[in-house]
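# Fold and geometry: a report
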Amino acid sequence: MQLIFSRIGFFFMLNFKHIFYITFLLSFSAIADSRRPAVYTDLNPQEKEQKAESEKNARDPKTKIELSRIGNEIITYIKAKSWKNVERKLSEILKIDKSSFEYDYFKGAYLYSINDYKSALLFLNQAIEKNPDHDPSYYLIGMTHGKFRNWEKAVYYLEIAIGKTYNPFYSHNLAIFYFLQKNYSAAKLTSAKTLELKNNYQDAKLLLLKSLIRLNQLDEAFNLCKIYSNDKFFSGDFLEIYSKVLYENKNDYPKIIELLLPLKNISFESKRILAYSLFKENRLEESSALYKQIFQSGVDLE
């Protein structure tokens, strides 16, 4: 499951498995502590019966423990893509509490996992109607709107989730949606906040650097690149970004060659930067070979 950033000006390719990979699984543990009784008005007899059952269960610690146990099992089965077991466990929740928000949430999470996003939204919206304080549901609603590339709604629901509990995974995905809206200032600020909560979050570091470059704040990007390199952050994506900053801001061609030459499968924009750096350092044969690759590819780097 991955989308690709449009390359506007250079190589901004971002693997969106970090966005749309089911990071909502990491937030499931909050369910047991976020339970809130539903509010009902004008109930018919069946709904009154369900309300009474739900209120009884809400006062029963054993029921809470059992729902938590089943929820943890559902998480495990979703990760393993064991859909029959997920459905079996969902049925167990219904037997315990027909009106529980947990059923709606886990059903929505299951449907999200099998790419049935429209149905997922129906159940997730039911979950927040029953428990307006359940931040994982808001988070997953936002992620689902992201699947439809509705960045405005994705931002809206993620902001609500973060307003209820500040989670670095929520924050990082919110920063990505800001970036996709071309709100680079908000992406920068939110990425920085993410790193305050989780200072080794490499994807957040990359997004912060990309936001700074979009804002043409190259000195700040350069200083961060030096800090991150001192922290032994040497992923291919980071080294390409670092090279871009050096190319745009410092003309440090030897350093660019040092960073890019050992890498395999770099973007064509990085190849162009490397080819030019090799040319400036009078390594003409290597430079010519790279330019030939670029020209033969037909890629438009303008």
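Scroll up a little and you will see the structure.
An account of the accompanying structure is given in this report. (Residues numbered from 1 in each chain as written. Predicted model: local features only at pLDDT ≥ 70, side-chain atom pairs only at ≥ 80, totals over all residues. Heavy atoms only, no water.)

A word on the pattern of salt bridges. In this structure the tally under the stated criterion is 14 salt bridges. One salt bridge connects Glu73 with Lys89, and the closest N-O pair in it is separated by 2.5 Å. Here Lys89 lies in helix α4 (residues 83–96) and Glu73 lies in helix α3 (residues 61–79), a separation of 16 residues in the sequence. Overall, Glu73 belongs to the partly exposed group, its relative accessible area being 23%. A relative accessible area of 7% means that Lys89 is categorised as buried. Here the salt bridges share partners, and the residues they tie into one network are Glu66, Arg69, Glu73, Arg88, Lys89 and Glu92. (Salt bridge = Lys/Arg side-chain N within 4 Å of Asp/Glu carboxyl O. Helix = DSSP H or I, 4+ residues; strand = E, 2+ residues; numbered from the N terminus. Buried < 20%, exposed > 50% of the residue type's maximum accessible area, 1.4 Å probe, protein only.)

Turning our attention to the packing of helix α7 (residues 135–147) against helix α9 (residues 168–180). α9 packs onto α7 with a crossing angle of 25 degrees between their chain directions and a minimal axis gap of 11 Å. Our classification of the angle between α7 and α9 gives roughly parallel. In this structure, α7 crosses over α9, and the sense of that crossing is left-handed. Along its contact with α7, which presents Asp135, Pro136, Tyr139, Gly142, Met143 and Gly146, the element α9 presents Phe169, Tyr170, Asn173 and Phe177. (Axes fitted to C-alpha atoms, helices over the stretch in contact; angles between N-to-C directions. Parallel < 35°, antiparallel > 145°, perpendicular 65-115°, else oblique. Left-handed = near helix turned anticlockwise from the far one by under 90°. Contact = heavy atoms within 4.5 Å.)

Take the environment of Glu196 next. Along the chain, Glu196 turns up in helix α10 (residues 184–197). For Glu196, a relative accessible area of 61% translates into the label exposed.

Here we come to the nonpolar core. Core analysis: the biggest nonpolar cluster contains 45 residues, and Ile74 and Phe177 have the highest contact counts within it. The dominant element in this core, judged by the number of residues it contributes, is α9, at eight residues. (Core = buried A, V, L, I, M, F, W, Y, C linked by side-chain atoms within 4.5 Å.)

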